[in-house]
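Each chain, written out:
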Amino acid sequence: MDENENYFDNINKGNITPERLPGNEKGSGKGIFLIGMTVGIAAALLVVAVCWLGISIQNSVEERENISAGVELKEGSAVDSDMVEKLQILEEMVNKYYYLGEVTDEELKDGVYKGLLSALNDPYSEYYTAEELASMMEQSEGIYYGIGAYVSLDTATSLPKISGVIEGSPAEEAELRANDLIYEVDGTSTYGLSLTEAVAMIKGPEGTEVNLTLIREGESDYLELTLTRRRVESPTVEFVMEEDDMAYIQIVEFDDVTVDQFAEALAMARGSGAKGIILDLRGNPGGNLSAVVDMCRMILPEGLIVYTEDKNGKRDEYKCDGSREMELPLVVLVDMNSASAAEIMAGAIKDYGIGTLVGTTTFGKGIVQQIMPFRDGSAVKITISAYYTPGGKNIHGIGIEPDVVCEFDGEAYYASEDHPDNQLEKAKEVLREKMK
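Residues numbered from 1 in each chain as written. Predicted model: local features only at pLDDT ≥ 70, side-chain atom pairs only at ≥ 80, totals over all residues. Heavy atoms only, no water.

1. Overview of helix H12 (residues 422–435)
With 14 residues, H12 ought to run about 20 Å at 1.5 Å a step, and its terminal C-alpha atoms sit 20 Å apart, in line with that. Within H12, burial applies to Gln423, Leu424, Ala427, Lys428, Val430 and Leu431. One side of H12 holds all its buried residues, which, seen down the axis, span an arc of 170°. The elements touched by buried residues of H12 are strand E10 (237–242), strand E11 (246–251), strand E12 (276–280), strand E15 (330–334), strand E16 (356–359) and strand E19 (404–405). Measuring from the backbone nitrogen of Gln423 back to the side-chain oxygen at the start of H12 gives 3.2 Å, which picks out Asp421 as the cap. (Helix = DSSP H or I, 4+ residues; strand = E, 2+ residues; numbered from the N terminus. Expected span 1.5 Å × (residues − 1). Buried < 20%, exposed > 50% of the residue type's maximum accessible area, 1.4 Å probe, protein only. Arc of directions from axis to C-beta. Contact = heavy atoms within 4.5 Å. Polar contact = N/O pair within 3.5 Å; in protein donor to acceptor, adjacent residues only side chain to side chain.)

As structure tokens, this is what we get:
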């Protein structure tokens, strides 16, 4: 604001008389002429401004009324005429005043959709842009570009966390650990982000670098790690024949490719003469309901696998005919990062008593989400129901208690190049007893 504007403000407030204006010394005819000319111009401008403002307001109102008239608004909907009008006003404010760069119409629309889902206060319900949905589907097929870490959401801190790493990946080479909290990605805070948003920040083109700021239990300060992204193949099932004719099968996620991989692992176990099986679900964040149901049909007896109930009490049951019931002694490893679909499998195994659970209490995610696509390639993932184990238990917020409690000794595991796994050793001990 310049000096003359300050003077006119004070005149309007009655603080300065015309005689004190610059160039209007007492007795100066030139000052009187300037005052008259200035007042006249100001009055003319005021009339024009008022007319322009009135026309603008009228046009804006008419435009909003015309837009609102073309939208069929449902009675009782949050999207009413007041909301439409307010959104348009907010858009005008952003376009007129927002300082930190341009925002496209598409970005504003996506923000509205994401905001609507965030109002549910449900970390599992979210909106996907077409690009985000394509990226997620790519990862479910087992190949993507990133660091090779499984990431889940830590609901206690609202931060993403590492739930596991893929062998031979940049994450393993950088010595990322399960339960490392991802505080920042390339200097940007991850607090409050959805899992999709956090993962999108970590993934990227092959050969590019990403800097992670981590919070690790037992460390007094943040850890800064720089990783180079590369093509990652994510085998979701690992099979190893252990000593004493024990087969070890690890399931790291329940994706589209996991069903066939699990069937192959079971066939290899039987073909190798396995007399008992250790099924490792530690760090498994879950995945597709259809995948875990198909896999449970390969090991469970006849009966319910899981059932769901929606908000209206509608019940959907998923059953097994028992034709491929597991005939070998079974031990299942679980921990605090075993969630969702992993808990469906672990819960069914425990309820039917066909296996012994070893480890620590599972995560406790007993709700089901469904992805609903739109014609433009975007989609919404929304919580639609709760699931129950065959015995009628809903474990949401509770988790599944193991039959044999065994805390993971992380200090011993990471302190040695041999990585001794005390939970796995306990599982072998329990399985030996079952195999006798």
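2. Things to note about the packing of helix H8 (residues 258–271) against helix H9 (residues 289–296)
Interhelical geometry of H8 versus H9 gives an angle of 20° and a closest axis separation of 9 Å. Relative to H9, H8 is oriented roughly parallel. Considering the relative orientation of H8 and H9, their crossing is right-handed. Here Thr258, Val259 and Phe262 of H8 lie close against H9, whose contacting residues are Ala291, Asp294 and Met295. Tallied by class, the residues present in the contact of H8 with H9 amount to 4 nonpolar, 1 polar and 1 charged. (Axes fitted to C-alpha atoms, helices over the stretch in contact; angles between N-to-C directions. Parallel < 35°, antiparallel > 145°, perpendicular 65-115°, else oblique. Left-handed = near helix turned anticlockwise from the far one by under 90°. Nonpolar A, V, L, I, M, F, W, Y, C, P; charged D, E, K, R; others polar.)

3. A few points about the environment of Leu153
Locating Leu153 in the fold gives a position in strand E3 (residues 149–154). Once the C-alpha coordinates of Leu153 and Pro123 are considered, the two residues, 30 residues apart in sequence, prove to be 8.1 Å apart. Excluding residues that lie within four positions of it along the chain, Leu153 makes contacts with Pro123, Leu159, Pro160, Leu193, Leu195 and Phe363.

4. So, the packing of aromatic side chains
Each aromatic ring pair is characterised by the separation of its centres together with the angle its planes make. According to the stated counting rule, one finds 5 aromatic pairs in the structure shown. The structure contains a cluster of three or more aromatic residues connected by ring pairs, namely Phe408, Tyr413 and Tyr414. Sitting over the ring of Tyr307, Arg315 keeps its end group 3.6 Å from the ring centre. Taking the ring centre of Tyr124 as reference, the NZ or CZ of Lys365 above it sits at 4.6 Å. (Phe/Tyr/Trp six-rings, centres within 6.5 Å; stacked < 30°, edge-to-face > 60°. Lys NZ or Arg CZ within 6 Å of the ring centre and 35° of its normal.)

5. Quick notes on the confidence of the model for the chain
Residue-level pLDDT values for the chain average 85, and 82% of them are 70 or greater. Here residues 1–58 is modelled with pLDDT under 50, and outside its nearest four sequence neighbours on either side it reaches 22 contacts, counting other chains as well. For residues 60–69, every residue scores under 50 in pLDDT, and the model assigns this stretch 7 contacts once sequence neighbours within four places are set aside. (pLDDT = per-residue confidence, 0-100.)

6. Remarks on the pairing of E11
Among the 6 residues in E11, 6 count as buried, and that is most of the element. The alternating pattern of E11 places Met246, Tyr248 and Gln250 on one face and Ala247, Ile249 and Ile251 on the opposite face, and all of these are buried. When E10 meets E11, the two strands line up antiparallel, connected through 6 bridges. Looking at E11, one finds that Glu242 is bridged to Met246. As consecutive antiparallel partners, E10 and E11 are separated by 3 residues, and within that stretch Asp244 has a phi angle of approximately 60°, a positive value. Inspection of the sheet shows E11 paired to E12 by 5 bridges, in the parallel sense. Directly across from Tyr248, in E12, lies its bridge partner Ile278. Once you follow E11 into H8 and on to E12, the crossover reads as right-handed. (Pairing = 2+ DSSP bridges. Right-handed = clockwise from strand over helix to strand, strands pointing away.)

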